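Structure assessment
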Amino acid sequence: MSKHEENDNEKQLFAMRHSLAHIMATAIQELYPGVKFGIGPVVENGFYYDVDLEQKLGADDLAKIESKMKEVVKANYKFEHSVMGLDEAISYFKAQKQDYKLDLLNDLKEHGTTVAKDIDRAQLGVDEGAKVDEVGIYSDGPFTDLCRGPHVESTGKVGAFKLMRVSGAYWRGNEKNPMMQRIYGVGFTTKDELHKQLEMIKEAEKRDHRKLGKELDLFVFSDLVGPGLPLFTPRGTIIREELNKYVQELRQTIGGGYQQVTTPHITKKELYIKSGHWKKFSEDLFKVKTREGHEFAMKPMSCPHHTQIYASQTRSYRDLPIRYRETAVVYRDEQSGELSGLSRVRAITQDDAHVFCRTAQIEGEIGKIWDIINKLNATFGVDLKVRLSRHDPDKMDNYIGDQAMWDRAESQLKSVIESKGVEYMDGPGEAAFYGPKIDFMGRDALGREFQAGTIQLDFGQPEGFDLTCNNEAGERERIVMIHAAIMGSIERFMVLVIESTAGAFPLWLAPEQVRLAPINDSQEIMDYAYQLKAALETVGLRVGVDATAESVGKKIRAGGLAKVPYTLVLGEKERESGRVSPRLRQGHGEFDGDLSVNEFAAALRREVSERASKSVL
Ligand SMILES: [Zn+2]
Ligand SMILES: [Zn+2]
């Protein structure tokens, strides 16, 4: 398919899904007179509409709405476009008692084009930057909506669809507003595509990290602690620590070596005023007042702190690059409605790191950070796509520094990308105001795209905090800072790891690596089990004993359910011979036969140190 056709297809799919939202609203209006509508945008793979309805909708209702939608499709109503004056639209929707549409229109009337940053403009029936004395209206048969389009020609042309679920959503995402019911559907051009998508969704549900997190006892939430603040159990903490350990190991072996630093979790307001965070992220900051009335904030990131360690001494060009790392929990006051499992939390563990270097060193440093990101993702079988986000030379006013500095830095980034021999997407105008960056995108086991890391150059903080080194000529020279978090957030990375492995972690991450299953609870066998456990633990393996009174068959099954990589059945024969016949978790590899305990332990230690994804036995 050509790029052009791909684009056309996407546009067509968008119009189809958007039209499905109207069709669903049409059906709902027929079935539940008096319903009030919020907004109905297109989302990934489908659409939703927010409705205010006294009755709580369940699975039966979704089936009813779906079959009503099929009638609307069959009726093949044309999508008729018209235009209404703003005041006319206000009185029209008022007469219809559509309070939410009215809220949008009144907002539009009051604030003009700056209205409603929270709402997609298509939902307001106006174009970006257009004058707002009139709005777009679309009708399909009995239903009329405020809308800008685009739609398919008529309700008969929408392909295959299915309604998926209902969830709660505050009007305009604000918890002070009424709670509405959000009905989600998916839509595809063909039945076949829809079917594939439904299979994928089923698989995704099975792998949902919130579900597996509970089943595998990795993390919990407590009402008393609060939403968005996960508590990691011993098992979950092992995974966090192992991930972090690996990243720090890579910083040492291929990153050029980082020095660990430690900085506090609360900080004076002044630091964030100087760094710009106070202005830019003010709403996201958790603020704290001291007893003397000084204002502090919980840190949303560690970068400004690291600049203060750098700035605490005069630095010679010979000392550079200086690399600091600090894995720390940072805090952001996300809206409670946005919080979800580990994907969106208020306490975020960043594997943060910063490189302070001279402009001439950018290329070498970026190359090293790239290698770390690449190695980590390759360990999980993820291939990365790359985007270079550059400045827009026509808008130099928007950026820190001069054109020459940007050109030089970007040509270094480009030459890193070229030296790696990969294709990349070019993103002119996509840079942050303080520097260009390289973004990495990966796909998980279900083919979903995710952000897999960013290497961000920063000219801003060195400027703001006056960071320099003394160069060969004895002059103070401005340096540059590189943000070098590899996982970004350990919580998000755990989501990826949990969902892509479906909880069957590679040995190095498995909270329980070996499970011992004694065939009975006789004194000799049980003693041997605990003795073996202690022996394997002394070489660094994580071992559990199934001391229940269940049969061996049940114990083996339980080990499988807990996704333990190796289960050892222990009986008289094993005790006497000192040999074991490991059973491998499904999909972890094949092994038949037996080996000595020492050979077994050595093989597992090798599997761990290689961070292998399959058994080395
Ligand atoms: Zn529309
Ligand atoms: Zn940073």
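Scroll up to find the structure.
One structure accompanies this document, and this report is about it.

About the thresholds
- Residues numbered from 1 in each chain as written.
- Chains lettered and ligands numbered in written order.
- Predicted model: local features only at pLDDT ≥ 70, side-chain atom pairs only at ≥ 80, totals over all residues.
- Heavy atoms only, no water.
- Helix = DSSP H or I, 4+ residues; strand = E, 2+ residues; numbered from the N terminus.
- Expected span 1.5 Å × (residues − 1).
- Buried < 20%, exposed > 50% of the residue type's maximum accessible area, 1.4 Å probe, protein only.
- Pairing = 2+ DSSP bridges.
- Donors = N, O, S within 2.8 Å, 3.2 Å for Na, K, Ca; no water.
- Tetrahedral: all angles 85-135°; square planar, octahedral: opposite > 155°, others 65-115°.
- Phe/Tyr/Trp six-rings, centres within 6.5 Å; stacked < 30°, edge-to-face > 60°.
- Lys NZ or Arg CZ within 6 Å of the ring centre and 35° of its normal.

**Some points on helix α2 (residues 59-75)**
Across its 17 residues, α2 extends 25 Å between first and last C-alpha, which sits within 8% of the 24 Å expected from 1.5 Å per residue. Among all positions of α2, only Asp61, Leu62, Ile65, Glu66, Lys68, Met69, Val72 and Val73 are buried. Just beyond α2, the residue with positive phi is Asn76, at close to 50°.

**Comments concerning the pairing of strand β15 (residues 322-331)**
Burial within β15 is extensive, with eight of its ten residues counted as buried. Where strand β11 (residues 259-260) and β15 come together, two bridges link them in parallel fashion. For Gln259, the partnering residue across the bridge sits in β15 and is Tyr324. Pairing of β15 with strand β16 (residues 347-357), which is carried by ten bridges, proceeds in the antiparallel orientation.

**What to know about the coordination of the zinc ion (ligand 1)**
Surrounding the zinc ion (ligand 1) are the protein donor atoms His18 (NE2), His22 (NE2), Cys147 (SG) and His151 (NE2), which sit 1.9 to 2.0 Å from the metal. Taken together, the four donor atoms coordinating the zinc ion (ligand 1) and their angles of 93 to 126° define a geometry best described as tetrahedral. Judged by its relative accessible area of 15%, His151 falls in the buried class.

**As for unusual backbone geometry**
Residue Pro150 is bonded to the preceding Gly149 through a cis peptide linkage, with omega at 0°. With respect to the helices and strands, Pro150 occurs in the loop between β6 (143-146) and β7 (160-170). Cis geometry marks the peptide bond from Leu320 to Pro321; its omega dihedral reads 0°. By the secondary structure assignment, Pro321 is in the loop between α10 (303-310) and β15. Look at Asn76: it is not a glycine, yet its phi comes out positive at around 50°. As for its placement among the helices and strands, Asn76 is situated in the loop between α2 and β4 (79-85). A relative accessible area of 39% places Asn76 in the partly exposed class. For Arg172, which is not glycine, the phi dihedral falls at a positive 55°. Examined against the element boundaries, Arg172 turns out to sit in the loop between β7 and β8 (179-188).

**Observations concerning the packing of aromatic side chains**
This model, assessed by the stated rule, comprises 17 aromatic pairs. The interplanar angle of 90° and the centroid separation of 5.0 Å between the aromatic rings of Tyr92 and Phe93 together place this pair among those described as edge-to-face. What makes Tyr92 partly exposed here is its relative accessible area of 25%. A residue is classified by how much of its surface remains accessible, and Phe93, at 2% relative accessible area, is buried. When the ring of Tyr324 is compared with that of Phe356, the centres are 5.7 Å apart and the planes differ by 65°; the resulting orientation is edge-to-face. Here Phe356 lies in strand β16 and Tyr324 lies in strand β15, a separation of 32 residues in the sequence. No difference in accessibility class separates Tyr324 from Phe356, as the two residues are buried. Here the aromatic residues Tyr246, Phe380, Phe493 and Trp508 are joined through ring pairs into a cluster of three or more. One cation-aromatic arrangement involves Arg182 over Tyr48; the distance from NZ or CZ to the ring centre is 3.9 Å. The ring of Tyr310 has Arg315 sitting right over it, with the charged end atom 5.2 Å from the ring centre.

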